[in-house]
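# A closer look at the structure
Below are the chains, spelled out letter by letter.
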Amino acid sequence: MTKKILICLLIVLLNISFSNTFAQTSRKPDPSGVSTGTSADLDTGAYKVVDTLAKKKDTTVAALNSSVKKLATAVSNVANADGKNKVAINLVWLLIAGFLVFFMQAGFALVETGLTRAKNVGHTMAMNLFVYPAGVLGFFVCGFALMFGGVGALGTLGGFDGLNQEFTVHILGHTFGLFGTKGFFMNGVYDVGVLGFFVFQAVFMDATATIPTGAMAERWKFASFAISGVLIGGLIYPLYGNWVWGGGWLSQLGANFGFGHGHLDFAGSSVVHLSGGVLAFVGAKMIGPRLGKYNKDKSANAIPGHNIPMAVLGTLILAFGWFGFNSGSTFAGTDFRFAVVAFNTMIASCGGILASTLWIWYVRGNKPDVSMMCNGLLAGLVAITAPCAFVTPIGGLIIGLVSGVLVVEVTLFMEKKLRIDDPVGAVAVHGANGVWGVLALGLFADGNYGDGVNGVKGTVTGLLYGGGWGQFIAEAIGAATNIVFIGTAGWLMFKLLDKLVGLRVKPEVEMHGLDLSEMGLDGYSGVRMDKNAETPLSR
């Protein structure tokens, strides 16, 4: 009986299979994907009109006129659908890249916490967590408007042109843009393209505001830090950012004075990293070194980080997110140059870690220091961020190799000569290599990209490729302006914070660790630590 039932079921299944096989289908399977995606997928109505007209046999003048009108409407519908799809691709690309950049915040947190001491884990992590809302809220209130309120139409993101008010001054017949005046609290710019653009730009700002937390770690008051995040996101970062990315005066050095295409920074070597590095330098100088860092004879004591695996993991997360940082700055998934950007990002980071490893191993020491390897990788990424879209693969590698040597030398110079205590090497990674990145653009831009950027005809060509000194001079002016403006603004901010809430915790708090006193709990609860032993005794 059981066998009969099984045989009947098998016959039924075979009948279903055969009936499906020989059933009429409207579209054949497409295992290779070659035939998938036609005009019918763009606009079904338009496709039907075109199909009907193709089969129509009435050739009278009236019929032809009617057909032409219907065909024009159909083509318009298809074109509109195609345009919408193009903007959709660009928006998706921009937001995915922005999400990658946001994930870099986890990388910053792990690197900074791993390279500092166990007794300050909670405080260091908390700074990396809270800088995100502090900076973004400042950017929302006024930072975005100051930076991009006069940028003009967002061409690749739908063409919204409501960001059209730039405060300018006119000197000797030239116009100098200083800051935008449209979009405070995002008022009047409630547009999908603008809001997507905000998300992408806000996480860039967040990186800048985060950089000083590493240089000032283990002695910075949390209240002072929190206020600084709002000020950086709302005022300091956006003003310089406007001058470069918002249509301001540095971007117009080419149009106004013939210096190449003006100060160019594709993804942020100067706007993001140099700004953060300068703030880190000023902040670390003003707050002073950690207890026990220097002896009376001015020699330095090592204060090792408590968790190298954490620092390495954070470095790799940053490298992963950096592909979004740089490639997403095309603002368009339809701009295929992002493949060149991604390659240059990868090769420069490899050059940076290779050079830093060999330099600290054979030239400046006798071991391949892991923390310096991490910083070499990050230095290569910072350096390639400005020129990544404008240079050849060989150029990208050279830029990375130079950055690896530079990060070691600046780290040692900061510690031994300037006696500025920077626990994570933020100034060397972001500051020094931010300068190198924009200067490298002025040297290595090969003339294959950037036609018309900043209103200047022709592609971007650096000094070494026959472009003359113009682009290099524009890059140097932009870097110098950043150091002067961001340095001055940072000094004023830290002075104000010192007066209002104080910059530095008390010595006894620093000795015992900031976790319990500043945050109310230990970062490693239940773990017994000799906190005094983590601070070297000055001699």
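Residues numbered from 1 in each chain as written. Predicted model: local features only at pLDDT ≥ 70, side-chain atom pairs only at ≥ 80, totals over all residues. Heavy atoms only, no water.

What follows is about the overall build of the protein chain. Counting its secondary structure elements, the protein chain contains 17 helices and 2 strands. The buried share among the 539 residues of the protein chain stands at 49%. In the protein chain, once contacts between residues fewer than 6 apart in sequence are set aside, the share between residues at least 24 apart is 77%. (Helix = DSSP H or I, 4+ residues; strand = E, 2+ residues; numbered from the N terminus. Buried < 20%, exposed > 50% of the residue type's maximum accessible area, 1.4 Å probe, protein only. Contact = heavy atoms within 4.5 Å.)

Moving on: the nonpolar core. In this structure, Phe-139, Phe-144, Phe-204, Tyr-237, Trp-245, Phe-325 and Phe-390 are the most contacted members of the largest nonpolar core, which totals 113 residues. Ranked by residue count, the leading element in this core is helix α6 (residues 192-215), at 12 residues. Apart from residues lying up to four places away in sequence, Phe-204 is in contact with Val-101, Tyr-237, Trp-245, Ala-267, Val-272, Phe-325 and Ser-329. (Core = buried A, V, L, I, M, F, W, Y, C linked by side-chain atoms within 4.5 Å.)

Inspection of the entire model under this criterion finds 30 aromatic pairs. Note on Phe-144 and Phe-148: the rings are 5.6 Å apart at their centroids and 45 degrees apart in plane angle, and the pair reads as tilted. One end of the pair, Phe-144, and the other, Phe-148, are both in helix α5 (residues 121-148), 4 residues apart, so they sit about a helical turn from each other. Note on Phe-167 and Phe-179: the rings are 4.8 Å apart at their centroids and 10 degrees apart in plane angle, and the pair reads as stacked. Within this pair, whereas Phe-167 is found in strand β1 (residues 166-171), its partner Phe-179 is found in strand β2 (residues 174-180), the two being separated by 12 residues in sequence. Overall, Phe-167 belongs to the partly exposed group, its relative accessible area being 39%. The class for Phe-179 is partly exposed, based on a relative accessible area of 26%. (Phe/Tyr/Trp six-rings, centres within 6.5 Å; stacked < 30°, edge-to-face > 60°.)

So, on to the environment of Met-493. By the element assignment, Met-493 lies in helix α15 (residues 470-500). Using a relative accessible area of 4% as the deciding quantity, one classes Met-493 as buried. Sequence-wise, Met-493 and Gly-283 are 210 residues apart; in three dimensions their C-alpha atoms are separated by 9.4 Å.

Mapping Asn-256 onto the fold places it in helix α8 (residues 253-257). Every residue in contact with Asn-256, bar those within four places of it in the chain, is listed here: His-174 and Thr-175.

Taking 1.5 Å per residue as the helical rise, helix α11 (residues 338-363) with its 26 residues ought to reach 38 Å, and the 36 Å between its terminal C-alpha atoms agrees with that figure. Taken together, the buried positions of α11 are occupied by Val-341, Asn-344, Thr-345, Ala-348, Ser-349, Gly-351, Gly-352, Ala-355, Ser-356, Thr-357 and Ile-360. Residues of α11 that are buried make contact with α10 (308-327), α12 (370-385) and α13 (393-417). (Expected span 1.5 Å × (residues − 1).)

Moving on, we come to the packing of α13 against helix α14 (residues 426-444). One can describe the packing of α13 onto α14 by two numbers: an axis separation of 9 Å at closest approach and a directional angle of 145 degrees. In this structure, the crossing between α13 and α14 has a hand that is right-handed. Contact residues: Gly-395, Ile-398, Ile-399, Val-402, Ser-403, Leu-406, Val-407, Val-410, Thr-411 and Met-414 in α13; Val-427, Ala-428, Val-429, Ala-432, Asn-433, Trp-436, Ala-440 and Phe-444 in α14. Here the contact of α13 with α14 is composed, by residue class, of 14 nonpolar, 4 polar and no charged. (Axes fitted to C-alpha atoms, helices over the stretch in contact; angles between N-to-C directions. Left-handed = near helix turned anticlockwise from the far one by under 90°. Nonpolar A, V, L, I, M, F, W, Y, C, P; charged D, E, K, R; others polar.)

Following the sequence through the fold, Asp-265 ends up in the loop between α8 and α9 (269-287). For the buried Asp-265, no salt bridge is present, and the opposite-charge side chain at shortest range is Arg-337, 15 Å distant. At 2.8 Å, the side chain of Asp-265 forms a polar contact with the backbone nitrogen of Ser-269. Excluding its chain neighbours within four sequence positions, the residues that come into contact with Asp-265 are Val-244, Trp-245, Ser-270, Val-271, Thr-385, Ala-386 and Val-438. (Lys, Arg positive; Asp, Glu negative; His and termini not counted. Salt bridge = Lys/Arg side-chain N within 4 Å of Asp/Glu carboxyl O. Polar contact = N/O pair within 3.5 Å; in protein donor to acceptor, adjacent residues only side chain to side chain.)

A full pass over the atoms with the stated rule returns 6 salt bridges. The closest approach of N and O atoms between Glu-218 and Arg-290, which form a salt bridge, is 2.5 Å. One end of the pair, Glu-218, is in the loop between α6 and α7 (222-245); the other, Arg-290, is in the loop between α9 and α10, and 72 residues separate them in sequence. Comparing Glu-218 with Arg-290 shows no difference in burial state: the two are buried. The salt bridge partner of Arg-290 is Asp-421, with a shortest N-O separation of 2.7 Å. Here Asp-421 lies in the loop between α13 and α14 and Arg-290 lies in the loop between α9 and α10, a separation of 131 residues in the sequence. Accessibility classification places Arg-290 together with Asp-421 in one group, the buried group.

For Met-186, which is not a glycine, the phi torsion comes out positive at approximately 60 degrees. Residue classification places Met-186 among the buried positions, given a relative accessible area of 10%.

In regular strands, side chains alternate between the two faces of the sheet. The sheet contact formed by β1 and β2 spans 6 bridges and is antiparallel. Pairing of Phe-167 across the sheet is with Phe-179, part of β2. In this antiparallel pair of consecutive strands, β1 and β2, the connection spans 2 residues, and Leu-172 shows a positive phi of 50 degrees. (Pairing = 2+ DSSP bridges.)

Below, the discussion takes up a nonpolar patch on the surface. On the surface, Leu-354, Leu-358, Trp-361, Tyr-362, Val-363 and Leu-401 cluster together into a nonpolar patch covering about 560 Å² of accessible area. Considering every element that reaches the nonpolar patch, the biggest residue donor is α11, with 5 residues. Relative to the helices and strands, Leu-358 resides in helix α11. (Patch = residues over 30% accessible without salt bridge, like charges linked within 9 Å, V, L, I, M, F, W, Y side chains within 5 Å. Areas by Shrake-Rupley, 256 points an atom, 1.4 Å probe, with all protein chains shown as cover.)

Here the protein chain shows a mean pLDDT of 91. Residues at 70 or above account for 86%. This stretch, residues 18-23, has a pLDDT under 50; its non-local contacts, to residues over four places away or in other chains, come to 0 contacts. (pLDDT = per-residue confidence, 0-100.)

Let us now look at the packing of α6 against α9. At a minimum axis separation of 8 Å, α6 and α9 run at an interaxial angle of 25 degrees. If you check the angle between α6 and α9, you find them roughly parallel. In terms of crossing hand, the pair formed by α6 and α9 is right-handed. Facing Phe-204, Ala-207, Thr-208, Ile-211, Pro-212 and Ala-215 of α6, the residues of α9 in contact are Val-271, Val-272, His-273, Ser-275, Gly-276, Gly-277, Leu-279, Ala-280 and Ala-284. (Parallel < 35°, antiparallel > 145°, perpendicular 65-115°, else oblique.)

Attention shifts here to the environment of Ala-226. One can find Ala-226 in helix α7. Its relative accessible area of 14% is what places Ala-226 among the buried residues. Note: C-alpha distance between Ala-226 and Met-127 (99 residues apart in sequence) is 7.7 Å. Residues in contact with Ala-226, not counting those within four places in the same chain, are Phe-130 and Ala-134.

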